[in-house]
Structures are given as C-alpha cells and as structure tokens.
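An overview of the molecular structure
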Amino acid sequence: MFDNLNWWEIGALLLLALLIFGDRLPVVINDGLRMVRNLRKMASSATTDLSRELGTDIQLEDLHPKAFIRKHLLTEEDEAAIRKPLQGVYDNLRSDVTGVHNELKDVASAADLRGNGHRPATATDGGAPAPAPAPRVSYDDAT
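Notes on the structure follow. None of these values were measured; they are calculated from a predicted model.

What about the overall build of the protein?
Looking only at helices and strands, the protein has six helices and zero strands in total. Secondary structure elements of the protein, listed N to C terminal, follow the sequence α-α-α-α-α-α. For the protein, the proportion of its 143 residues judged to be buried stands at 4%. A separation threshold of at least 6 residues defines the contact pool for the protein, and within that pool the share at least 24 residues apart is 0%. Split by element, the accessible area of the protein, about 13100 Å² in all, is 62% carbon and sulfur.

Have a look at this one:
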C-alpha cells in the first residue's frame, strides 16, 4: 500500500496526523480500523448473498464485470469464438516483437564496447572498415 512512499514521507504523514488530531489520534485510528473491518464484512456478506442467489460460488475478485461474465456467463466455446479472430493478430504481433527484441539484442551486443575491452576498428583508425549493415526489410516487402 505504501510502496511509493519512503520513510521520511511516512514520518511526515504521521507527524501531520499527530498535529491535526492530537490526543484523539488513537481514537481516530480505532474508528478507521473498525470502518475497514465493517467494509470487509459487508463485502463478504454481499458475495455470500450473491452466491446464494445465483447458485454459483462467487469470490470477491469475481465481482469485476469482465471476470464475472467470463467465469459465469460464457461457456468455453463462446470464449474461444470471441478470442479466435484476434488470436492470429496477437501471434503475428508477438512474433514481430520477438524479432525486434532479438535484433536489438544483436545490435546491443555488437555495440558493447565494455564487453570486449577494445574499440571496433573503423576506416579512420587505419583498421579494416566496418561491415555495412544488412539491408532492412520494409513492411511492404513482408506483406
């Protein structure tokens, strides 16, 4: 919950709470915890009532509309029919991204000057000229 706060910010918030609420701070914390417990109890009873009314086992995570429809209203065949048109697009996109990722790794390893300990030879260094990059395949050629 407080993953994005550091210790100084948490300390400042506690100091601010102490300044605002003063001697009533323990009472305010107790009231807040009681409210959280009541909200959890209400959510639990709502899911129990909904499970009883629908005749299925419903968890709190299932109350999200997409998850509820996927789990309780669609059959596996319906879900497969919905996914089928997009599966080919997904597979093509995934293979393209994998290709780009592999090319970037190749370029990064070729340009890594720290790994091999010396600079690559260039025409201005007096060494052999660097090989020309491979021609790029355009999108029109691939389709």
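We are not done yet, so read on.
Let's talk about the environment of Q59
For Q59, the location among the structural elements is in the loop between α2 (25-54) and α3 (65-73). With a relative accessible area of 37%, Q59 lands in the partly exposed category. Counting along the chain gives 11 residues from Q59 to T48, while the straight-line C-alpha distance between them is 8.5 Å.

Side note on the layout of surface pockets
If you add up the space inside the second largest pocket, you get close to 250 Å³. K66, I69, R70, L74, E79, I82, R83, L86, Q87 and Y90 are the residues that line the second largest pocket. Of all elements in the fold, only α3 and α4 (76-111) reach the threshold of two or more residues within the lining of the second largest pocket.

Brief notes about the side chain of T47
Among the structural elements, T47 can be located in helix α2. Among the residues examined, T47 registers a relative accessible area of 11% and is labelled buried. A distance of 2.8 Å separates the side chain of T47 from the backbone oxygen of S44, its partner in a polar contact.

Quick notes on α2
The α-helix advances 3.6 residues per turn, and as a result positions three or four apart in sequence lie on the same side. When the terminal C-alpha atoms of α2 are compared, their 43 Å separation across 30 residues agrees well with the 44 Å that a helix rising 1.5 Å per residue should span. Looking only at α2, the buried set comprises L25, T47 and S51. In this structure, the buried residues of α2 make contact with α1 (7-21). Following α2 by one or two positions, G55 has its phi on the positive side, about 80°.

Quick look at α4
Taking 1.5 Å of rise per residue, 36 residues should cover 52 Å, and α4 covers 48 Å from first to last C-alpha, within 8% of that figure. If you look at α4, its biggest bend is around 45°, right at K84, and the proline P85 turns up within four residues after that.

So, a nonpolar patch on the surface
A contiguous nonpolar patch, built from L13, L16, I20 and F21 and spanning about 370 Å² of accessible area, is present on the exposed surface. With respect to the helices and strands, the residue F21 is situated in helix α1.

Looking at the pattern of salt bridges
The full count for this structure, using the stated rule, is two salt bridges. In this structure, D31 engages R34 in a salt bridge whose closest nitrogen and oxygen atoms are separated by 3.1 Å. Taken together, the residues span about one helical turn, with D31 and R34 both in helix α2 at a distance of three residues. The class of D31 is partly exposed, set by a relative accessible area of 39%. Owing to a relative accessible area of 41%, R34 belongs among the partly exposed residues under this scheme. Among the salt bridges present, the one from D49 reaches R52, with a minimum N-O distance of 3.0 Å. On the criterion of helical spacing, the pair formed by D49 and R52 is a turn pair, its members being three residues apart in helix α2. When its relative accessible area of 56% is taken as the criterion, R52 is described as exposed.

Scoring rules and cut-offs
Sequence positions are assigned chain by chain, starting from 1 and proceeding in written order. Selection of residues for local features in this predicted model requires a pLDDT of at least 70, selection of side-chain atom pairs for listing and counting requires 80 or more, and totals for whole chains, interfaces and linings are taken over all residues. Hydrogen atoms and water are omitted, and side-chain values are computed over all heavy atoms in the structure. Secondary structure counts use DSSP, requiring at least four H or I residues in a row for a helix and at least two E residues in a row for a strand, with both numbered from the N terminus. Burial classification: accessible surface area is computed with a 1.4 Å probe over protein chains only, and a residue below 20% of its type maximum counts as buried, one above 50% as exposed, and the rest as partly exposed. Contact between two residues is taken to exist if any of their heavy atoms lie within 4.5 Å; hydrogens are not considered. Method for areas: the Shrake-Rupley scheme with a 1.4 Å probe, in which residue coverage is limited to the protein chains shown. The distinction between a cavity and a pocket rests on a 1 Å grid over the protein atoms alone: a 1.4 Å probe fits inside a cavity but cannot get out, while a pocket stays open yet meets protein on both sides within 12 Å along at least five of seven lines, and a residue with an atom within 4 Å of a point counts as lining. Grid points are joined across faces, edges and corners, and a volume is the space filled by probe spheres set on the points. Pairing of N or O atoms within 3.5 Å defines a polar contact, subject to two protein rules: one partner must be a possible hydrogen donor and the other a possible acceptor, and residues neighboring in sequence count only if both atoms are side-chain atoms. How far a helix is expected to stretch is found by multiplying one less than its residue total by 1.5 Å. Think of it this way: the bend at a residue is just the angle between two axes, each fitted to seven residues, one set ending at that residue and the other starting at it. Residues enter patches when their relative accessible area tops 30% and they take part in no salt bridge; the joining distance is 9 Å for like charges and 5 Å for the nonpolar side chains Val, Leu, Ile, Met, Phe, Trp and Tyr. Throughout this description, the term salt bridge denotes a Lys or Arg side-chain nitrogen within 4 Å of a carboxyl oxygen of Asp or Glu.

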